[in-house]
Amino acid sequence: MSPDRVPTPRSLPGVRPDIARMEPYEPVVPFEVLSRQLGRAPHEIIKLNANENPYGPSPRVVEALSRFPWYHIYPDPQQTELREALAGYVGVPADHILPGHGADELLDLLCRIFLMPGDRVVNCPPTFGMYAFDALLSGGQVVNVPRDDDFRLTVTGIESAVLDSDPPPKLLFLTSPNNPDGSLVPRPVLRRLLQLPVIVVVDEAYIEFAEDTPTVASWVPDTPNLIVLRTFSKWAGLAGLRLGYGIFPLHIIEHLWKFKQPYNVNVAATVAGLASLADLALLQQRIEAIKEERRRLFAALRDIPYLQPLPSQANFILCRVHGRSALGLHRTLAERGILVRYYDKPGLRNTIRISVGRPQDTDSLVTVLRELVT
Ligand SMILES: *Cc1c(COP(=O)(O)O)cnc(C)c1O
């Protein structure tokens, strides 16, 4: 029988009302589509809008992926080999480590194991958008404690949000270095916040680019309320393959093991992660190149009269735009084949965020920025 002869029921069940009310996600324009819109081949576009690694993955990753013989076999749900390699890299025993389909998946899992509808999380905007997004998806409520004008956390505000809210929040999201400004959470601040009766999630997606690698991952085994999230997307150039991991206290990771999809991390991501960890010398050189380029880009941006760059410990630089529209600047750059991220919202009025690229990317960008000086 053809489907058009099936009688349609009068009414159908609806999705959860909170999901029905959600605003649709603003889709990222796919790179090929953008390349057509701009009339430029993909390699002629300088993509400085998503903090991706301009050098791509290690050549050993490409080689390992092309040689891997077992794509038809399901992955190891325990990710034993990858977790052992990560334990060596992070310096924390493997039983504290859980890989995920990007750090994004782990944020979602955390919200789902902690939040019942109406439960609260503390978020410190301007920051990465996925904390609020995932909390809302789980039916949670977001208590925003905005940063000050210099993007510093308002510690007393966070303390009262945790101690004075009823019901008390369960999760506090911190980002170090923070996206979009690149500032670190100072250690004394973190020590103070860890004394609060809340689970503190420190997102270290960009920690490899920070000077002196001030990771707090090694604190996790002795700190029952600290979770650290990491990713291969930025430092290892694997954003498209989706591989992240978290370092968790044992009393939390035991629940994630029950809850995660068995095959959440695919074999290609695992092979790529292992090959990256086996090529740290090369990847570290690239990290150093990006840090060096960050210094050069910062100095060049500081000399552009209408831009005010903020010091950053990550692979991007946020700039306040003065005396002209950041949106206009974003569009002019896009017409010239240079993509940057633009914001105009509370705490991020008239700003652009520029990912650190290769030296030639900085040169092209700065040439256009200088031409626009009036
Ligand atoms: C890019 C980014 C992530 C995403 O990590 P994936 O592993 O690619 O999901 C997480 N946190 C922050 C702050 C980021 O900027």
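Keep in mind that what you see is a predicted model, and the values were worked out from it rather than measured.

Each value, and the rule that gives it
Residues numbered from 1 in each chain as written. Predicted model: local features only at pLDDT ≥ 70, side-chain atom pairs only at ≥ 80, totals over all residues. Heavy atoms only, no water. Helix = DSSP H or I, 4+ residues; strand = E, 2+ residues; numbered from the N terminus. Rg over C-alpha atoms; globule rule 2.2 N^0.38 Å. Areas by Shrake-Rupley, 256 points an atom, 1.4 Å probe, with all protein chains shown as cover. Near = heavy atom within 4 Å. Polar contact = N/O pair within 3.5 Å; in protein donor to acceptor, adjacent residues only side chain to side chain. Buried < 20%, exposed > 50% of the residue type's maximum accessible area, 1.4 Å probe, protein only. Pairing = 2+ DSSP bridges. Domains from an automatic or database assignment. Contact = heavy atoms within 4.5 Å. Buried area = accessible area lost by both parts, 1.4 Å probe. Arc of directions from axis to C-beta. Lys, Arg positive; Asp, Glu negative; His and termini not counted. Salt bridge = Lys/Arg side-chain N within 4 Å of Asp/Glu carboxyl O. Axes fitted to C-alpha atoms, helices over the stretch in contact; angles between N-to-C directions. Phe/Tyr/Trp six-rings, centres within 6.5 Å; stacked < 30°, edge-to-face > 60°. Lys NZ or Arg CZ within 6 Å of the ring centre and 35° of its normal.

Q: How would you explain the overall build of the protein chain if you had to name every residue and give the values?
A: The secondary structure content of the protein chain amounts to 13 helices and 12 strands. For the protein chain, whose C-alpha radius of gyration is 22 Å, the value lies close to the compact-globule estimate of 21 Å for 374 residues. Each of the three principal axes of the protein chain carries a C-alpha extent, and together these read 60 × 55 × 55 Å. When the accessible surface of the protein chain is totalled, it reaches about 18,300 Å², and 56% of it is carbon and sulfur.

Q: Report on the site of the ligand, specifying residues and quantitative values.
A: Around the ligand sit 14 residues, and of these Asp203, Tyr206, Thr231, Ser233 and Lys234 come closest. Ala103 places a polar main-chain atom, nitrogen or oxygen, 2.7 Å from an oxygen atom of the ligand. At 2.6 Å from a nitrogen atom of the ligand is found a side-chain nitrogen or oxygen belonging to Asp203. Calculation on the ligand without its partners gives an accessible area of 390 Å², and the protein chains cover 94% of this total.

Q: Go over the pairing of strand 7 (residues 226-231), please, and point to the residues and values.
A: Of all six residues that make up strand 7, six are buried, and the element is covered over most of its length. With burial as the criterion, each face of strand 7 is covered, one bearing Leu226, Val228 and Arg230 and the other bearing Ile227, Leu229 and Thr231. Pairing geometry for strand 6 (residues 199-203) and strand 7, over four bridges, is parallel. For Asp203, the partnering residue across the bridge sits in strand 7 and is Leu229. Of the pairings in the sheet, the one linking strand 7 to strand 8 (residues 244-247) comprises four bridges and is antiparallel in character.

Q: So what about the domain arrangement of the protein chain? Which residues, and what values?
A: Once the domains are mapped, the protein chain shows domain 1 (17-55 + 281-371) and domain 2 (59-279). Using only C-alpha atoms to locate each centre, domain 1 and domain 2 end up separated by 24 Å. Listed per partner, the contact involves 31 residues of domain 1 and 28 residues of domain 2. Both faces combined, the contact of domain 1 with domain 2 buries some 2,300 Å², and carbon together with sulfur accounts for 61% of it. Of all residues in domain 1, Leu283, Ile287 and Gln313 give up the largest surface area on contact with domain 2, accounting jointly for 25% of the area buried on that side.

Q: Which residues make up helix 12 (residues 326-335), and what values go with them?
A: Taken together, the buried positions of helix 12 are occupied by Ala326, Leu329, Leu333 and Ala334. End-on, the buried residues of helix 12 take up no more than an arc of 135 degrees, which puts them together on one face. Residues of helix 12 that are buried sit in contact with helix 2 (31-38), strand 9 (307-309), strand 10 (316-321), strand 11 (338-345), strand 12 (348-355) and helix 13 (359-371). Its side-chain oxygen placed 3.2 Å from the backbone nitrogen of Leu327, Ser325 serves as the N-cap of helix 12.

Q: Any chance you could break down the side chain of Asp203 for me, citing the residues and the numbers?
A: Position of Asp203 relative to the elements: it lies in strand 6. We note that Asp203 is buried and unpaired, the nearest opposite charge coming from Lys234 at a distance of 7.2 Å. Of the polar contacts made by the side chain of Asp203, one reaches the side chain of Tyr131; its length is 2.7 Å. Side-chain polar atoms of Asp203 contact the backbone nitrogen of Ala205, separated by 3.0 Å. In contact with Asp203, not counting residues within four places along its chain, are Phe128, Tyr131, Leu174, Thr175, Ser176, Pro177 and Leu229.

Q: Outline the sheet that holds strand 6, listing residues and values.
A: Spatially, the seven strands line up as an open sheet ordered 2-8-7-6-5-3-4, and their pairing is mixed. Strands with a single pairing partner mark the edges of an open sheet, and in this sheet they are strand 2 (97-100) and strand 4 (141-144). Taken over all neighbouring pairs, the strand axes of this sheet differ in orientation by 25 degrees on average, direction set aside. As paired strands, strand 3 (residues 120-123) and strand 4 are joined by four bridges and run parallel to one another. Bridged to Arg120 within strand 4 is Gln141. Packing against the sheet, helix 4 (residues 80-90) makes contact with strand 2, strand 7 and strand 8, and its axis sits at approximately 115 degrees to strand 2. Lying over the sheet, helix 9 (residues 250-259) contacts strand 2, strand 6 and strand 7, oriented at roughly 35 degrees with respect to strand 2.

Q: I'd like to hear about the pattern of salt bridges, residue by residue, with values.
A: Taken as a whole and judged by the stated rule, the model has 22 salt bridges. Residue Arg60 is joined to Asp279 by a salt bridge in which the shortest nitrogen-to-oxygen separation is 3.8 Å. Residue Arg60 is found in helix 3 (residues 59-67), and its partner Asp279 is found in the loop between helix 10 (267-277) and helix 11 (280-302); the two are separated by 219 residues along the sequence.

Q: Report on the sheet that holds strand 1 (residues 46-48), specifying residues and quantitative values.
A: Here we have five strands laid out as an open sheet, ordered 1-11-12-10-9, and mixed in their pairing. Lying at the two open borders of the sheet, with one neighbouring strand each, are strand 1 and strand 9. Geometrically, the sheet is characterised by an average inter-axis angle of 30 degrees between neighbouring strands, direction not taken into account. As judged from the five bridges shared by strand 10 and strand 12, these two strands associate in the antiparallel manner. Paired with Cys319 across the bridge in strand 12 is Ile352.

Q: So what's going on with the packing of aromatic side chains? Which residues, and what values?
A: Using the criterion set out here, one finds eight aromatic pairs in the structure. Through a chain of ring-to-ring contacts, three or more aromatic side chains come together here, namely Tyr89, Phe232, Trp235 and Tyr245. The ring of Tyr306 carries the charged tip of Arg324 above its face, separated from the ring centre by 4.0 Å. Arg353 extends its terminal NZ or CZ atom over the ring of Phe316, reaching a point 5.6 Å from the ring centre.

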